Amino acid sequence: RVDLVTLTARVRAELSAQARTCARTRGPNMDFAERARETVADVERGAAKAVDDVHVFRAGRRTGWLLIFLSVIMSAYLCALMAYFAKELNNVVGGACPDYSDCMTNKENWCKVSQCNFLGNGVAAGATTYVGETVTACPLNGCSACEDFETWREQLIRYDACTARTSRVRECLPIKDTDGTLAQYRGPKVANAAAGQSGSEAWLQRDAWLDACDAQETYADRRERGGKAVLGVLCVALIIWLFGTFYVSRKPNYQKRPRETVMRPLTTFSEKKSFNNRYHPDSIWLWFSTATALLGFVVQMYSFYTPTTTDTRIPLVQGVWISLEVVNRGVLLFFDKFTMSEASSIFFDIGFSIVGFTALLEPFFEPAITDRLPEVDESITDYALAIRVLSFVFPLCTAVLKVKDLYIDNYWPSPATAKWLSEGKRSFKRNVIKLVVLVLQIGAAVSVYGIMGSSTLCHQFRTCARGTCTPDIPSGVPLDTELINNNLGYYHQMISDDGAKKWRWQINSQTSLKFTTVNGALYADLGIAVPNGNGESTVTEPNNNLYWNVDATTPSVACNTRFRVECQEINPRHAFYNLTDKYEWVDYNKTMYKFVAVHDSGAMTGDPTCFGESSKWWTDTENFVGGPGAYVGGKSDSLDVGFIFMEQTCTSSGTTSRCLVEPPYVAVYSPYGRASTKISGTYTPWTQKPPAGVADTSRGGATAIDEGGST
């Protein structure tokens, strides 16, 4: 286009010079000069049309090939997305899960059958079932799973429904935790010699297992309800790009569609909003393009506000990409780099499609089971998923239109463009508009960085892995008031790896507890007096109900500690920085409390005595209340010590109250330091400490709290 203007100017200059020369030599005879001027006009009209058709086509071939290459690449990209998504939709079990029919599991953990006749690997044959319309009460021969008949029956109904839909899920659920990776889901049933279960194994909690199975069902429903829709949308985008590839591959036919060489007024809306007429005085392309870009910005921001992934890199990249796109567009428009702005927008649209598709995978395809059972993010609604789909389809479709605009502008340049390029005049009105657009888009980019830079908002929108969390004060608990001042029991249980012997240590101590705040932080002062008596230390053989008393050490000093109360991570592994990936989003439970030992009770300086190296309350003396290895999280070079408590309803002597109990995973998940407990010495009934080689299974110390006091 610049060459066209230059060519015309050269022709005009050369012929005008000839006309002036002839006028000087011919004197008053002006006929030749007039004919020369007419020749200039003829050349401008004829050469500009005949010569420049060829020139424009040749000059635009490189850009044309780039547009064809881009269209082909995008079509191939969409084919790859469709193939990957279709493959993942078909990645399902497709049949039954053998472990679900294990008779011993059904008998011991679910009380689904009363006896097992084994065939092969524990498969039931002719087992007597409890389930049926005639069953109206819990089994008479004892069933730990059936404390309430209606609850138990509802669990079995959910269990049967789960085992019936395994063909739709992507992975069979584990029924036991064998190595501590699923410690947070462990149930109370461990070490069953008849079931071939050692002390290091435990069946998963029934409710947690059923919740995970329901989560798998939710994912399966999403795939069946929305998976084909996603494929359909991808197919539509592919068809559009294939059409676009065909469109830009055509050789321009100037006879069928002549180029315009004279600038004329724009009359239709289509002409006024056209990118090709962007320099025309009547053009509204700047407004139309800004409105379209604003719509795309809103779509991206809405999907940014509703994250659907636990990988913080995805929303982080999306936020950075949004801010870069709006700043880039604002700056290029301000300096009249409209063609470059249109081309760069295609690049950003492709990036948005990649981010949007990646973020869409997790809501449809649950992650492989490692240390966490499938869970459903309740914030992800069908509407949010539709917006997420739109966030990657919308930029794909708008990118096709921009490719089309560049193709037309490449082969049919507007006369207004040539005029603007030759004159270089700037409109004050347009400059004001572009300045406003620039300020608005920079403001939008700053808002995105403001979200990512806020320690609270960045965690909410999942652009940072860890955020600030203020724990809720336990329900009904007043501050600076002794909630507990009673004699409470604390116990430590271990079981031999073969399940043949079980050791229990318990003490009773006068206990006090109160919560207080210091500089906005929540603290808990917990005092445990010297045990009043020798407590209990027994070894039992569960299979024959035999038991013996054994030696145990009783602490000789009190344990009074101030704890900083924090939110506990929902996934126990996330409490430890060295076990958590840098970009793994960490969620918190405001009603599960991490008691981090910081000082002695009532103090704000000094180390906590009970958690030092010389503590009398640690596992070296068969105790568990304090000590340097009672980890609750932190960084590998500065691990925190203390307790983990969760709110629970407790019943004692017919009285129901809210209480704080330690979750089971603290005792069995090795990073917390409890599971490594080993008692030295050989076992001799009545006289010796418990034997070596036992696996720690549970620790306790329920602190009952209720409104207005304690029980």
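On a predicted model such as this, the values are computed, not experimentally measured, just so you know.

Colleague: Got a minute to help me understand the overall build of the protein in this structure?
Modeller: The helix and strand tally for the protein stands at 14 helices and 17 strands. Across the 711 residues that make up the protein, the buried fraction comes to 47%. Within the protein, contacts between residues separated by at least 24 positions form 70% of all contacts whose residues are at least 6 apart in sequence. Accessible surface for the protein amounts to roughly 34,200 Å². Of this, 57% is attributable to carbon and sulfur atoms.

Colleague: So what exactly am I meant to see when it comes to the nonpolar core here?
Modeller: Side chains of a nonpolar character, in soluble globular proteins, are inclined to be buried together. In terms of nonpolar packing, the biggest core is built from 48 residues, with L78, F85, L234, W241, F392, L396 and Y407 touching the most fellow members. For this core, the secondary-structure elements that each account for two or more residues are α2 (31-89), α5 (206-249), α7 (285-305), α9 (338-364), α10 (382-411) and α12 (428-453). Among the elements that make up this core, the one with the highest residue count is α10 (12 residues). Those residues within four positions of Y407 in sequence are excluded, and the remaining contacts are L67, Y247, V248, R250, K251, P252 and W412. Membership of the second largest hydrophobic core comes to 32 residues, among which are W503, L522, C610 and A630.

Colleague: I keep staring at the confidence of the model for the protein and nothing clicks. Help me out?
Modeller: In low-pLDDT segments, the atomic positions of the prediction should not be examined closely. For the protein, per-residue confidence averages 77 on the pLDDT scale, and residues scoring 70 or more make up 77% of the total. Strand β17 (residues 703-705) is the least confidently modelled element of the protein, averaging 40 in pLDDT, while strand β11 (residues 559-569) averages 92, the highest of any element. A low-confidence stretch, residues 22-33 stays under pLDDT 50, and its non-local contacts, those more than four residues away or across chains, total four contacts. Overall, residues 676-711 carries pLDDT values under 50, and its contacts beyond four positions in sequence, including any with other chains, amount to 119 contacts.

Colleague: Is there a simple way to think about the packing of aromatic side chains in this case?
Modeller: The geometry of an aromatic ring pair is captured by the separation of the ring centres together with the interplanar angle, meaning the angle of the planes. Taken as a whole, this structure holds 36 aromatic pairs when the rule is applied. Each ring, one from Y247 and one from Y407, has its centre 5.3 Å from the other, and the planes form 65 degrees; the classification is edge-to-face. Of the two residues, Y247 sits in helix α5 while Y407 sits in helix α10, which places them 160 residues apart along the sequence. As far as burial versus exposure is concerned, Y247 and Y407 are alike and both buried. With a centroid separation of 5.4 Å and 35 degrees between ring planes, the pair formed by F563 and F643 is classed as tilted.

Colleague: Where do I start with helix α8 (residues 313-334) in this structure?
Modeller: At 3.6 residues per turn, the α-helix brings residues three or four places apart onto the same side. Its 22 residues give α8 an end-to-end C-alpha distance of 31 Å, which sits within 8% of 32 Å, the value for a rise of 1.5 Å per residue. Immediately downstream of α8, the backbone of D336 shows phi near 65 degrees, a positive value.

Colleague: What am I meant to see in the state of the cysteines here?
Modeller: Here, disulfide denotes a covalent bond that connects the sulfur atoms of two cysteines. Counted by the stated rule, this structure contains six disulfides. Note that C97 is cross-linked by a disulfide to C172, the S-S spacing being 1.9 Å. Given an S-S torsion of about -85 degrees, the disulfide between C97 and C172 has left-handed geometry. In this pair, C97 is assigned in the loop between α2 and α3 (103-108) and C172 in the loop between α4 (149-164) and β3 (176-177), connecting sequence segments 75 residues apart.

Colleague: Can you walk me through the packing of α8 against α9 in this structure?
Modeller: Two packed helices can be described by the angle between their axes and the distance between those axes. Two elements in contact, α8 and α9, have axes separated by 10 Å at closest approach and are oriented at 170 degrees. One way to sum up the angle between α8 and α9 is to call them roughly antiparallel. The residues of α9 that touch α8, namely those facing I314, V317, Q318, W321, I322, L324, E325, N328, R329, L332 and L333, are F338, M340, S341, S344, S345, F347, F348, G351, F352, V355, T358 and A359. Residues belonging to the contact of α8 with α9 are distributed by class as follows: 14 nonpolar, seven polar and two charged.

Rules of the game
- Residues numbered from 1 in each chain as written.
- Predicted model: local features only at pLDDT ≥ 70, side-chain atom pairs only at ≥ 80, totals over all residues.
- Heavy atoms only, no water.
- Helix = DSSP H or I, 4+ residues; strand = E, 2+ residues; numbered from the N terminus.
- Buried < 20%, exposed > 50% of the residue type's maximum accessible area, 1.4 Å probe, protein only.
- Contact = heavy atoms within 4.5 Å.
- Areas by Shrake-Rupley, 256 points an atom, 1.4 Å probe, with all protein chains shown as cover.
- Core = buried A, V, L, I, M, F, W, Y, C linked by side-chain atoms within 4.5 Å.
- pLDDT = per-residue confidence, 0-100.
- Phe/Tyr/Trp six-rings, centres within 6.5 Å; stacked < 30°, edge-to-face > 60°.
- Expected span 1.5 Å × (residues − 1).
- Disulfide = S-S within 2.5 Å.
- Axes fitted to C-alpha atoms, helices over the stretch in contact; angles between N-to-C directions.
- Parallel < 35°, antiparallel > 145°, perpendicular 65-115°, else oblique.
- Nonpolar A, V, L, I, M, F, W, Y, C, P; charged D, E, K, R; others polar.

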